[in-house]
Amino acid sequence: MTLALHGGDPVRTTHWPLWPQPASEAAQQLTEVLYSGRWSISGPYRGTDTKERTFARMFARWNDVEHCVPTASGTAGLMISLEACGVGAGDEVIVPGISWVATASTVLAVNAVPVFVDVDPDTLCMDPAAAEAAVTPDTKAIVVVHLYSALADMDALRDLARRHDLTLIEDAAQAHGAVYRGARAGTMGRAGAFSMHHTKVLTCGEGGAVVTADPELARRMAELRADGRHQPELPPPLHEMELVTTGTLMGSNRALSEFHAAVLIAQLGRLDRQNEQRAIQASVLEKALADLGFATQRTSDGTEQRTYFGFVIRLPEEFDGIGTAAAGAALSAELGLPVKPVYPAIPASPLYWPGSRRRFDLGAEHRRRIDRARHRLPVSERAAARHLTFHHSALLGERSDVDDIVAALGKLRDHRAELV
Ligand SMILES: *Cc1c(COP(=O)(O)O)cnc(C)c1O
């Protein structure tokens, strides 16, 4: 047997589930918007709640939290969370060393300073001890990420935030529906931001939302995302503009369109079942891989419901000297499924380059504080060099899909010498 990468027969030639998967009600929901005379929240009242407001209510209830403010993206959600919590010019914000670049670029975008800290080598989420060591008098907030849906150590991080009087914000862009000690991901900090981007477990292509228990924070976030306007408690007369102007807070337009909200209303109805299906497949896969000698990403103690945005596999020590890029390419060729290295440590990522944007050139002192070369993240760098991931949609197919993945990893292990 030869590796498929080197011209051998692949383990699998059949297709994987397509993503996204439209809910059957999505077309009807979209048609309703199309003929409603209301394609945006900043449009005239037509006698019914907007799709955006309807989705906000549904998503808040689903998360068991009081308030939800939908946004145009997860990025927009993080930005309004930071700003509504009072994070701004020159404040330090502690962020994990490994995440999607937006976790850190949004901190820069509110003129604050991202301070990267190392992650736990097993969960790949923020290490509370490293976060504690990074606290300075300028620290204002912590943005914690539940990476690939593994939950961060929220007990320790909440305790840390309390002791140092820091704002804890959750970047829950990858963790819709995960549960930690009875609470859904996104509801454990002052605000929790979600992404509904194409890749995410709940998606409308491009979209986002922020949840919070704090009504004043929710109002500020609502105004920040709609040029300083918000929805009134009671609707205006028919065909008059619904949003009201208060002039208390300047915002920007980061609103979710009615079409996107319509898709989310339909898709949310499928999420629990999909999360459950992925978790069942993942637990079978985790056991089989453990037997083969491959560890998988852990989640923190206190996790009551594990979900999966990506499935993460650690290459054992016998793979030292073989890059994750080569191992991922070999697995991708065996399976016909993209298997990629996890995100690089953010300061080393080609996507993270504040110096390329004139808007962040706020003087020599700021330039020094946001310098990428400042950060030392040995655990994150080592973790990034050892882990592979594939998309959650591969867990939405047949039970036998797991056997193919296990077979591909077994083949990879047997042939690893050919990759050096
Ligand atoms: C996707 C993602 C974001 C950004 O969301 P967008 O909708 O793409 O703007 C932020 N943080 C994490 C961890 C993400 O995965």
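Our structure is the block above this text.
Some details on the overall build of the protein
Right, on to step 1. Along the protein, the regular secondary structure elements total twelve helices and 15 strands.
Right, on to step 2. Over its C-alpha trace the protein gives a radius of gyration of 22 Å, about what one expects of a compact globule, namely 22 Å for 420 residues.
Right, on to step 3. Principal-axis analysis of the C-alpha atoms places the extent of the protein at approximately 70 × 55 × 40 Å.
Right, on to step 4. Across the 420 residues that make up the protein, the buried fraction comes to 56%.

Quick word on the site of the ligand
Right, on to step 1. Residues in close proximity to the ligand total 16 residues, the closest being Thr75, Asp171, Gln174, Ser195 and Lys200.
Right, on to step 2. Between the ligand and Gln174, the relevant distance is 2.8 Å, taken from an oxygen atom to a side-chain nitrogen or oxygen of the residue.
Right, on to step 3. A distance of 2.9 Å is found between an oxygen atom of the ligand and a side-chain nitrogen or oxygen belonging to Lys200.
Right, on to step 4. Those elements that provide at least two residues to the shell around the ligand are α3 (74-84) and α4 (102-109).
Right, on to step 5. In terms of residue count, α3 provides more of the shell around the ligand than any other element does, three residues in total.
Right, on to step 6. Looking at the shell around the ligand residue by residue, the class counts come to five nonpolar, nine polar and two charged.

A closer look at the environment of Leu388
Right, on to step 1. With respect to the element layout, Leu388 can be found in strand β15 (residues 387-391).
Right, on to step 2. Taking C-alpha positions, Leu388 is 8.3 Å from Ala327, a pair spaced 61 residues apart along the chain.
Right, on to step 3. Once residues within four sequence positions are removed from consideration, Leu388 is found in contact with Phe311, Val312, Ile313, Leu315, Thr324, Ala327, Gly328, Leu331, Val339, Lys340, Pro341 and Val342.

Points about helix α2 (residues 51-63)
Right, on to step 1. Between its first and last C-alpha atoms α2 spans 18 Å; for 13 residues at 1.5 Å apiece the expected length is 18 Å, and the two agree.
Right, on to step 2. Elements in contact with the buried residues of α2: α1 (26-34), β1 (67-71), β7 (183-184), β8 (191-195), β9 (208-212) and α8 (258-292).
Right, on to step 3. Phi turns positive, to about 55°, at Asp64, one or two residues after α2.

Digging into unusual backbone geometry
Right, on to step 1. Look at the link from Trp19 to Pro20: it is a cis peptide, with omega at 0°.
Right, on to step 2. Take Pro20: it is sitting in the segment before α1.
Right, on to step 3. Not every positive phi belongs to a glycine, and Asp227 is a case in point at roughly 55°.
Right, on to step 4. Within the fold, Asp227 resides in the loop between α7 (215-224) and β10 (229-230).
Right, on to step 5. We classify Asp227 as partly exposed; its relative accessible area is 44%.
Right, on to step 6. One non-glycine residue with positive phi stands out, namely His239, at about 70°.
Right, on to step 7. Residue position: His239 is located in the loop between β10 and β11 (244-245).

Details of the nonpolar core
Right, on to step 1. Ranked by internal contacts, the top residues of the largest apolar core, which has 59 residues, are Phe59 and Met196.
Right, on to step 2. For this core, the secondary structure elements donating two or more residues are α2, β3 (113-117), α5 (128-133), β4 (139-145), α6 (154-164), β9, α8 and α11 (378-384).
Right, on to step 3. Looking at this core element by element, the count peaks at six residues for α8.
Right, on to step 4. By size, the runner-up hydrophobic cluster in this structure holds 34 residues, among which are Ile80, Cys85, Val101 and Leu224.

Quick look at the sheet that holds strand β14 (residues 340-341)
Right, on to step 1. Pairing within the open sheet is antiparallel, and its three strands lie in the order β13-β15-β14. Bordering the open sheet on either side are β13 (310-314) and β14, each of which pairs with just one other strand.
Right, on to step 2. Bridging between β14 and β15 involves two bridges; their strand directions are antiparallel. Note that in β15 the partner of Lys340 across the bridge is Thr389.

Quick notes on the pairing of β1
Right, on to step 1. With respect to burial, β1 is a largely interior element, four of its five residues being buried.
Right, on to step 2. Sheet topology places β1 next to β9; five bridges connect them, and they run antiparallel. Residue pairing across strands places Val69 opposite Val210, the latter belonging to β9.

Topic: the sheet that holds strand β6 (residues 179-180)
Right, on to step 1. Pairing within the open sheet is antiparallel, and its three strands lie in the order β7-β6-β12. Two strands in the sheet have a free side with no partner beyond their single neighbour: β7 and β12 (303-305).
Right, on to step 2. Looking at chain direction, β6 and β7 are connected through two bridges and run antiparallel. The residue of β7 that forms the bridge with Tyr180 is Ala183.

Calculation criteria
Residues numbered from 1 in each chain as written. Predicted model: local features only at pLDDT ≥ 70, side-chain atom pairs only at ≥ 80, totals over all residues. Heavy atoms only, no water. Helix = DSSP H or I, 4+ residues; strand = E, 2+ residues; numbered from the N terminus. Rg over C-alpha atoms; globule rule 2.2 N^0.38 Å. Buried < 20%, exposed > 50% of the residue type's maximum accessible area, 1.4 Å probe, protein only. Near = heavy atom within 4 Å. Polar contact = N/O pair within 3.5 Å; in protein donor to acceptor, adjacent residues only side chain to side chain. Nonpolar A, V, L, I, M, F, W, Y, C, P; charged D, E, K, R; others polar. Contact = heavy atoms within 4.5 Å. Expected span 1.5 Å × (residues − 1). Core = buried A, V, L, I, M, F, W, Y, C linked by side-chain atoms within 4.5 Å. Pairing = 2+ DSSP bridges.

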